[in-house]
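# Chain and residue survey
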There are 2 protein chains.
Amino acid sequence: MESSFAALADPNRRQILSLLLGSERSVGELEQELELPQPSVSKHLKVLREAGFVEARVEAQRRLYRLTPQPLIELDAWLGPFRRFWSKHVDALERHLDRLEQLEKKAQAPTPKGKKAP
Amino acid sequence: MESSFAALADPNRRQILSLLLGSERSVGELEQELELPQPSVSKHLKVLREAGFVEARVEAQRRLYRLTPQPLIELDAWLGPFRRFWSKHVDALERHLDRLEQLEKKAQAPTPKGKKAP
DNA sequence: CTGGCATATGCCAGAATGGGAATATACCGG
DNA sequence: CCGGTATATTCCCATTCTGGCATATGCCAG
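To start, this report covers the structure provided alongside it.

### Observations concerning the interface of chain B and chain A
- In this complex, chain B contributes 21 residues to the contact, which on the side of chain A involves 21 residues.
- Among the elements of the structure, α1 (2-8), α2 (11-22) and α5 (70-106) of chain B are those that each provide at least two residues to the side of chain B that touches chain A.
- Residue contributions to the side of chain B that touches chain A peak at 12 residues, all from α5 of chain B.
- Of the residues in the side of chain B that touches chain A, the class split is 17 nonpolar, one polar and three charged.

So this is what it looks like as structure tokens:
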């Protein structure tokens with residue numbers, strides 16, 4: 001999954017994934033919606049394909065691309081440990097902000113380089 | 001958040017995040033645990049810092065780095081729409097795999113490489 | 001101020017990457 | 001078989017990124 005993040009690092013590729021979220025699309029359709037030259041679209045699709053994000057279905061001379069869930073699931077899994085971390089912190093942050101509000105009112109005295117009270 | 005994925009594209013940087021998940025660490029500690037030269041560690045930290053993944057606390061002449069939840073939360077949010085997609089597909093996938101097993105037995109048609117047609 | 005430690009930054013060569021234009025491959029209809 | 005459409009691949013150029021090395025900056029102790 002090392003290359004998953006690299007594949008997502010490009011905005012055009014993320015855009016492609018978002019479009020495919022709605023329905024499968026041919027290269028030509030993506031070309032129009034992204035307003036990119038066709039070779040560029042094909043190249044991005046190649047990266048996404050090799051990273052396992054999409055797969056192509058051959059219909060006549062078109063390739064219809066669609067999402068595949070695998071790398072997204074792995075991405076979610078990678079995020080798992082961090083999710084525990086931040087959900088712990090969101091609460092703490094809220095409480096902390098409340099506290100800061102209180103403290104700011106009291107600590108208005110010593111401001112070494114701040115602005116002087118008018 | 002455009003650069004978040006780029007920041008995560010590097011294995012060393014992901015490793016740093018994992019380490020910081022446990023506890024905050026100085027640059028020197030990371031240097032040892034990652035077995036990377038110090039300038040390299042500092043550069044990776046800079047990328048992570050600018051992408052908002054970490055922040056530094058100055059203690060004497062050390063910098064103690066720790067995680068910040070913000071970009072991870074955004075990453076999770078970006079994943080949201082796709083999560084709906086794949087959770088719908090996991091079921092379908094399982095059924096699909098069962099089917100493929102059946103098909104494979106029939107479709108053993110040998111086409112290893114381009115042979116001339118008879 | 002001087003020395004010493006911890007960290008950051010600047011510089012350089014090498015590798016990877018994206019965009020653009022041209023071309024090659026694959027498939028269809030007749 | 002041929003022309004025409006749809007997609008993939010190749011080549012080239014400019015940019016970017018990484019790693020290694022050297023060096024600058026910041027901070028503490030005396």
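### Observations concerning the pairing of strand β3 (residues 62-67) of chain A
Residue and element names in this part refer to chain A.
- Sheet topology places strand β1 (residues 25-26) next to β3; two bridges connect them, and they run antiparallel. Residue pairing in the sheet places S26 in a bridge with L64 of β3.
- For strand β2 (residues 54-59) and β3, the ladder comprises six bridges, and the chain directions are antiparallel. Paired with V58 across the two strands is R63, which belongs to β3.
- Hairpin connection between β2 and β3: a loop of two residues separates the two successive antiparallel strands, and A60 in this loop has a positive phi of roughly 50°.

### Re the protein's contact with DNA strand C
- Near DNA strand C lie 22 residues; those nearest to it are S26, G28, P39, S42 and R62 of chain B.
- Counting only elements with at least two residues in the surface near DNA strand C, the list comes to α4 (38-50) of chain A together with α3 (27-34), α4 (38-50) and β3 (62-67) of chain B.
- Top contributing element to the surface near DNA strand C by residue count: α4 of chain B, with six residues.
- Among the residues making up the surface near DNA strand C, the classes are represented as nine nonpolar, eight polar and five charged.

### A short note on the relation of the copies chain B and chain A
- Rotating chain B by 180° and translating it 0.6 Å along the rotation axis places it on chain A, where the RMSD comes to 1.0 Å. Within this description, the copies of the chain are treated as partners about a two-fold rotation axis.
- Both copies contact each other with a shared surface, as 100% of the interface residues of chain B are interface residues in chain A too.

Basis of the calculations
- Residues numbered from 1 in each chain as written.
- Chains lettered and ligands numbered in written order.
- Predicted model: local features only at pLDDT ≥ 70, side-chain atom pairs only at ≥ 80, totals over all residues.
- Contact = placed C-beta atoms within 7 Å.
- Helix = DSSP H or I, 4+ residues; strand = E, 2+ residues; numbered from the N terminus.
- Nonpolar A, V, L, I, M, F, W, Y, C, P; charged D, E, K, R; others polar.
- Pairing = 2+ DSSP bridges.
- Near = placed C-beta within 6 Å.
- Least-squares fit on C-alpha atoms with pLDDT ≥ 70 in both.

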